[in-house]
Amino acid sequence: MNVRVRYGPSPTGEPHVGNIRTALFDWLLARRFGGQFIVRIEDTDQSRAVEGAEQLILDALTWLGLDWDEGPDIGGPYAPYRQSERLPMYVDAARRLIDEGKAYRCVCSPERLDAVRKSQQKAKQPPGYDRLCRDLNCSADDPHVVRLAMPLDGETIVNDYLRGDVSFQNALLDDHVLLKRDGFPTYHLASVVDDHHMQITHVIRGEEWLSSAPRHVQTYAALGWDEPAWVHIPIIRGPDKGKLSKRHGATSIRQYAEEGFLPEALLNFLALLGWSKDESTTIMSCEEITEAFDLDGLGLSSAMFDIERLREMNARYIRDLDPADFLRRGRPHLEDRVGRPIADDELDRLLTIATAIQERVKLMPEFADYTDFFFAEGPLEYANADLMGRAYKNKPWAALESVEASLRALRSVDEAGWTTPALESALRDLAEERGEKPGAVFTPIRVAATGKRIAPPLFETLETLGQELTVERLNAAAERLARPDD
């Protein structure tokens, strides 16, 4: 099967999960069967075009790893790939349909069309153009649109891959506009002309387009062209079964990247919104998804978007990263936090603790929460109440005594033997000697060393900090506790 599919976004803003999921299914089908994935910018509605939106669309695809074989930036055998640059093709198709009596010019003013709609609403009639101009042979010199002369009776069958034959009564379908007054095509004409000339084999799109499909089927028939395979996928809904919106966590792809989701996690998540390999498999690499993907795996039930499920999936992907890769991906967030570049050798210091941090991070910006203190210069900021913890609450003298005892224990650890096992042994022995719970002894050390109540595992943290910096920070904590008014 020679698969050619296209992703046709309008440059009206940033791409969101709904249309990117469609792009993903297109891409997977092309890659699964060795076909071509095409990006076509559908910018015929110039009034809604947003400057820079095209690049945001391409950036989103690139971030997710969805490469394309033909497109506006790389060209291809059916260039150009912006509809605004293909206007003569649409005009030619419309003119041909007029010449063959399959379309006609309509000179009805917007005011008249509005009056018709209001009259139909008042009479509780189905909305639609009343075909006044269909037999008038209106002049091309007058401002006009071009409408397709739809069949007046019978039915139009849309053969949908997921639903089989779907029947539409022609009497309920009006003569839709193909070419607007400004010479730009509607989606109904442009998509048909481009899909034909670009040899598109499958059109995957949301089920909200199913009601427009008979118009496209009739346009193909009027032009004498073969239809592609129609695949109308169910829409994505929120957990409350309502239409997906920002309150459910739906936002732009760029926002997901900025919030710290991994592209491979988001790709995995989106693939499972309407498609499945089987009843149990959820975590799959892009390669595994591609190998298993086919249209038979698509379902008819609306996919539910669960942001918490996405967060959990992202955390799983973070845990499975190679530690060096984890550090590399976390570096930009750390640099934003500390306000300076982090050199490779500095970052490599964290390799010994990377795995422990990965277990705690669900979104990549949290990486900075667990690592910024390693690169802090000067005294750390924290409250004395945090330093004392619950065990020494309102007892700075007791906390001071514990910190000083910890300092003696840590100074006794040979610098060459400053390792996690040795540090754990020394500090647990100290707690036992003092007859205190380990948590009571460890809390002041943790806050003094990191400036945080919640930090990576204590002993791995101290090993990574090194003896000199650890002792320096504990001395600073002791000085603070000696001044209880602080």
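In case you missed it, the structure is sitting above this.
Reading guide: rules and limits
Residues numbered from 1 in each chain as written. Predicted model: local features only at pLDDT ≥ 70, side-chain atom pairs only at ≥ 80, totals over all residues. Heavy atoms only, no water. Phe/Tyr/Trp six-rings, centres within 6.5 Å; stacked < 30°, edge-to-face > 60°. Helix = DSSP H or I, 4+ residues; strand = E, 2+ residues; numbered from the N terminus. Buried < 20%, exposed > 50% of the residue type's maximum accessible area, 1.4 Å probe, protein only. Lys NZ or Arg CZ within 6 Å of the ring centre and 35° of its normal. Pairing = 2+ DSSP bridges. Right-handed = clockwise from strand over helix to strand, strands pointing away. Core = buried A, V, L, I, M, F, W, Y, C linked by side-chain atoms within 4.5 Å. Contact = heavy atoms within 4.5 Å. Salt bridge = Lys/Arg side-chain N within 4 Å of Asp/Glu carboxyl O. Patch = residues over 30% accessible without salt bridge, like charges linked within 9 Å, V, L, I, M, F, W, Y side chains within 5 Å. Areas by Shrake-Rupley, 256 points an atom, 1.4 Å probe, with all protein chains shown as cover. Lys, Arg positive; Asp, Glu negative; His and termini not counted. Charge placed at Lys NZ, Arg CZ, Asp CG, Glu CD. 1 Å grid on protein atoms, 1.4 Å probe; cavity = no way out; pocket = protein on both sides within 12 Å on 5 of 7 lines; lining within 4 Å. Points joined across faces, edges and corners; volume = space filled by probe spheres on them. Nonpolar A, V, L, I, M, F, W, Y, C, P; charged D, E, K, R; others polar.

**Describing the packing of aromatic side chains**
Part 1 of the argument: Counted by the stated rule, this structure contains nine aromatic pairs.
Part 2 of the argument: Their ring planes at 35° and their centres at 4.4 Å tell us that tyrosine 187 and tryptophan 209 sit as a pair that is tilted. With a gap of 22 residues between them, tyrosine 187 in helix H5 (residues 187–197) and tryptophan 209 in the loop between strand E8 (202–206) and helix H6 (213–223) connect regions that are remote in the sequence.
Part 3 of the argument: Plain terms: the ring middles of tryptophan 275 and phenylalanine 293 are 5.5 Å apart, the flat faces sit at 40° to each other, and that makes the pair tilted. Here phenylalanine 293 lies in the loop between helix H9 (286–292) and strand E11 (303–304) and tryptophan 275 lies in the loop between helix H8 (263–271) and H9, a separation of 18 residues in the sequence.
Part 4 of the argument: Residue classification places tryptophan 275 among the buried positions, given a relative accessible area of 2%.
Part 5 of the argument: An aromatic cluster is defined as three or more aromatic residues linked by ring pairs; in this entry it consists of Phe25, Trp275 and Phe293.
Part 6 of the argument: A cation over a ring is seen here: arginine 32 above phenylalanine 33, with NZ or CZ 4.9 Å from the ring centre.
Part 7 of the argument: Above the face of the tyrosine 382 ring, arginine 480 is positioned so that its terminal group lies 4.2 Å from the ring centre.

**Observations regarding the pairing of E8**
A regular strand places its side chains so that they alternate between the two faces of the sheet.
Part 1 of the argument: Among the five residues in E8, five count as buried, and that is most of the element.
Part 2 of the argument: Two strands pair when backbone bridges link them, and E8 and strand E9 (residues 229–233) are joined in this way by five bridges, in the parallel orientation. What sits directly across from valine 203, in E9, is tryptophan 230.
Part 3 of the argument: Of the crossover connections in this fold, the one passing from E8 over H6 to the parallel E9 is right-handed.

**Thoughts on the nonpolar core**
Part 1 of the argument: In terms of nonpolar packing, the biggest core is built from 108 residues, with Phe37, Tyr256, Phe305, Phe326 and Leu427 touching the most fellow members.
Part 2 of the argument: The element that contributes the greatest number of residues to this core is helix H1 (residues 17–32), accounting for nine residues.
Part 3 of the argument: Not counting the four nearest positions on each side in its chain, phenylalanine 326 is found in contact with Ile318, Leu321, Ala354, Ile357, Gln358, Val361, Met364 and Phe367.
Part 4 of the argument: Phe168, Leu178, Ile200 and Leu223 belong to the second largest nonpolar core, which has 34 residues in total.

**Structural notes on the pattern of salt bridges**
Part 1 of the argument: Summed over all chains, the structure comprises 38 salt bridges.
Part 2 of the argument: With its nearest N and O atoms 3.1 Å apart, the salt bridge here joins aspartate 92 to arginine 95. Separated by three residues within a single helix, aspartate 92 and arginine 95 lie in helix H3 (residues 87–99), roughly one turn from each other.
Part 3 of the argument: When the shortest N-O distance is used, the salt bridge between aspartate 344 and arginine 331 registers 2.8 Å. Remark: arginine 331 occurs in helix H11 (residues 323–338) and aspartate 344 occurs in helix H12 (residues 344–348); sequence separation between them is 13 residues.
Part 4 of the argument: When its relative accessible area of 18% is taken as the criterion, arginine 331 is described as buried.
Part 5 of the argument: Several salt bridges share partner residues, and in doing so they unite Arg6, Arg40, Glu42, Arg86, Asp194 and Asp195 into one network.

**Notes on a negative patch on the surface**
Part 1 of the argument: Taken together, Asp414, Glu415, Glu468 and Glu472 make up a surface patch of like negative charges.
Part 2 of the argument: Mapping glutamate 472 onto the fold places it in helix H20 (residues 467–481).
Part 3 of the argument: Overall, the relative accessible area of 47% leaves glutamate 472 in the partly exposed class.

**Describing unusual backbone geometry**
Glycine aside, residues mostly have negative phi, and peptide bonds are mostly found in the trans state.
Part 1 of the argument: That bond from alanine 79 to proline 80 is cis: its omega, 0°, falls within 30 degrees of zero.
Part 2 of the argument: Tracing the sequence through the fold places proline 80 in the loop between helix H2 (53–64) and H3.
Part 3 of the argument: In this model, lysine 124 sits at a positive phi of 55°, which is unusual for a non-glycine residue.
Part 4 of the argument: With respect to the secondary-structure elements, lysine 124 resides in the loop between helix H4 (110–122) and strand E4 (145–148).
Part 5 of the argument: Take lysine 124: its relative accessible area is 78%, and that puts it in the exposed class.
Part 6 of the argument: Phi at glutamine 199 is positive, roughly 60°, even though this residue is not glycine.

**Examining the environment of methionine 388**
Part 1 of the argument: Here methionine 388 shows up in helix H15 (residues 384–388).
Part 2 of the argument: Note on methionine 388: relative accessible area 11%, which makes it buried.
Part 3 of the argument: Taking the C-alpha atoms as reference, methionine 388 lies 9.6 Å from serine 402; in sequence the two are 14 residues apart.

**With respect to the layout of surface pockets**
Part 1 of the argument: Quantified by volume, the largest pocket comes out at close to 1,100 Å³.
Part 2 of the argument: Surrounding the largest pocket, 43 residues form its lining, Ser10, Gly18, Asn19, Glu208 and Trp209 being those nearest its centre.
Part 3 of the argument: Secondary structure elements with two or more residues in the lining of the largest pocket: strand E1 (4–7), H1 and E8.
Part 4 of the argument: Grouping the constituent residues of the lining of the largest pocket by class yields 17 nonpolar, 13 polar and 13 charged.
Part 5 of the argument: Counted as a void, the second largest pocket has a volume near 220 Å³.
Part 6 of the argument: Looking at the second largest pocket, the residues that line it are Ala385, Asp386, Gly389, Arg390, Ala391, Gly439, Ala440, Thr443, Arg446, Val447 and Arg453.
Part 7 of the argument: Counting residues per element, the ones that place at least two in the lining of the second largest pocket are H15 and helix H18 (438–450).

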